[in-house]
Amino acid sequence: METFLFQDDSLVMPEEGEEPLRFRGPASEIIKKTFDSAVFFTAGSPEAPLTAAYIPPEEPLPPGWKAFPLRQWLSRVSAGTIMYDPVAAGPVLRAFHIVQWRAESRFCGSCGTANTDAPDELARLCPACGRREYPRISPAVITIVINGEGKALLAHNNKFSGGMYSLVAGFAEAGESLEGAVEREILEEVNLKVSDIRYITSQPWPFPNSLMLGFVCRYAGGEIRPDGREISDAGWFSRDSLPLIPGFGSVSRYLINLWVEGSL
Ligand SMILES: [Zn+2]
């Protein structure tokens, strides 16, 4: 049994070392002994048991413990492999996703009764009306657009810190195909038309509850015009003049690296 402990968007782990404790068996007792307020959830399956726990955001950590931002940790464990490492990071991302879902699924969304855990699967069950609720997963598309000169479109989002540039991304809407979401997001955010949309890979991204779906496509027309709302600047970049780009462990970095290597 593995247990991961979270506080806000951070993994809570011993100060020494860079790995979250994969508390096995009695080791989860360490969490119980150290953190009175820890709330535990079963987050795995019979084949891969997993426990997630969280403590309140305002709780000070005792000496010898630290809160390590999960995205930073992900970038660190993924360095060298470029894409996130499903063995190292998969259970952590799953546990984090489940913790957030559990906090948001206390009551039935249909009749308001307090939910219970379903006995037979990872679901919340309403004892009054029988409604089942599963972890919410929101598909989001992220796309590298390549033009006829072999340059890639990178954009600066207002939410990015510093001068970082990344790929255009956004959530699929109700009733929309993933390809439709790619076309719409690129048109909305930078005013370009695209073609030859091709799926490359996916990555869980529970910040919160997203599944990132990575695509490549070709520029098909239009002048770059950032929407000014989400995107403040965008441009075509060649492989040898890249701006600051996202770190390892993200699907955006993975797609950018594929393009730099000439694999797209
Ligand atoms: Zn109900």
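Quick caveat, the model's predicted, so the values are computed rather than measured.

Some thoughts on the sheet that holds strand β4 (residues 50-54)
If you walk across this open sheet you meet the five strands as β3-β4-β1-β2-β5, and the pairing is mixed. Each edge of the open sheet carries a strand with a single partner, namely β3 (39-42) and β5 (65-69). Ignoring strand direction, the axes of neighbouring strands in this sheet form an average angle of 35°. Bridging between strand β1 (residues 2-7) and β4 involves five bridges; their strand directions are parallel. Across the sheet, the residue bridging to Thr3 is Thr51, located in β4. Against the sheet, helix α2 (residues 70-78) makes contact with β2 (10-14) and β5, and its axis sits at roughly 80° relative to β5, the strand it touches most. Sheet strands in contact with helix α3 (residues 86-104) are β1, β2, β3 and β4, and its direction is about 55° off that of β4.

So, the domain arrangement of the protein chain
Taken domain by domain, the protein chain consists of domain 1 (2-103) and domain 2 (138-260). The C-alpha-based centres of domain 1 and domain 2 are spaced at 30 Å. Every contact between the two is made by 13 residues of domain 1 and, on the other side, twelve residues of domain 2. Put simply, the parts of the chain that give the side of domain 1 that touches domain 2 at least two residues each are α2 and α3. Grouping the amino acids of the side of domain 1 that touches domain 2 by side-chain chemistry returns seven nonpolar, four polar and two charged.

So, helix α5 (residues 251-260)
For α5, the complete set of buried residues consists of Val251, Ser252, Arg253, Tyr254, Leu255 and Ile256. Looking one or two places after α5, you find Gly262, whose phi comes out positive at around 85°.

Here we look at the pairing of β1
The buried fraction of β1 amounts to six of the six residues, a majority that puts the element mostly inside the structure. Both faces of β1 are covered, namely the face carrying Glu2, Phe4 and Phe6 and the face carrying Thr3, Leu5 and Gln7. Bridge count between β1 and β2: two bridges; the pairing is antiparallel. Pairing of Gln7 across the sheet is with Ser10, part of β2.

A few points about the sheet that holds strand β6 (residues 116-117)
Strands sit in the order β6-β7-β8 across an open sheet of three strands; the sheet is antiparallel. Because the sheet does not close on itself, it has two edges, and the strands there are β6 and β8 (132-133).

Observations concerning the environment of Tyr219
Structurally, Tyr219 is set in strand β13 (residues 209-221). Among the residues examined, Tyr219 registers 21 C-beta atoms within 10 Å and is labelled buried. Spatially, the C-alpha atoms of Tyr219 and Ile144 are 9.9 Å apart, while their sequence positions differ by 75 residues.

Here is what the cut-offs are and how they apply
- Residues numbered from 1 in each chain as written.
- Predicted model: local features only at pLDDT ≥ 70, side-chain atom pairs only at ≥ 80, totals over all residues.
- Pairing = 2+ DSSP bridges.
- Helix = DSSP H or I, 4+ residues; strand = E, 2+ residues; numbered from the N terminus.
- Axes fitted to C-alpha atoms, helices over the stretch in contact; angles between N-to-C directions.
- Contact = placed C-beta atoms within 7 Å.
- Domains from an automatic or database assignment.
- Nonpolar A, V, L, I, M, F, W, Y, C, P; charged D, E, K, R; others polar.
- Buried ≥ 20, exposed ≤ 12 C-beta atoms within 10 Å, placed from the backbone.

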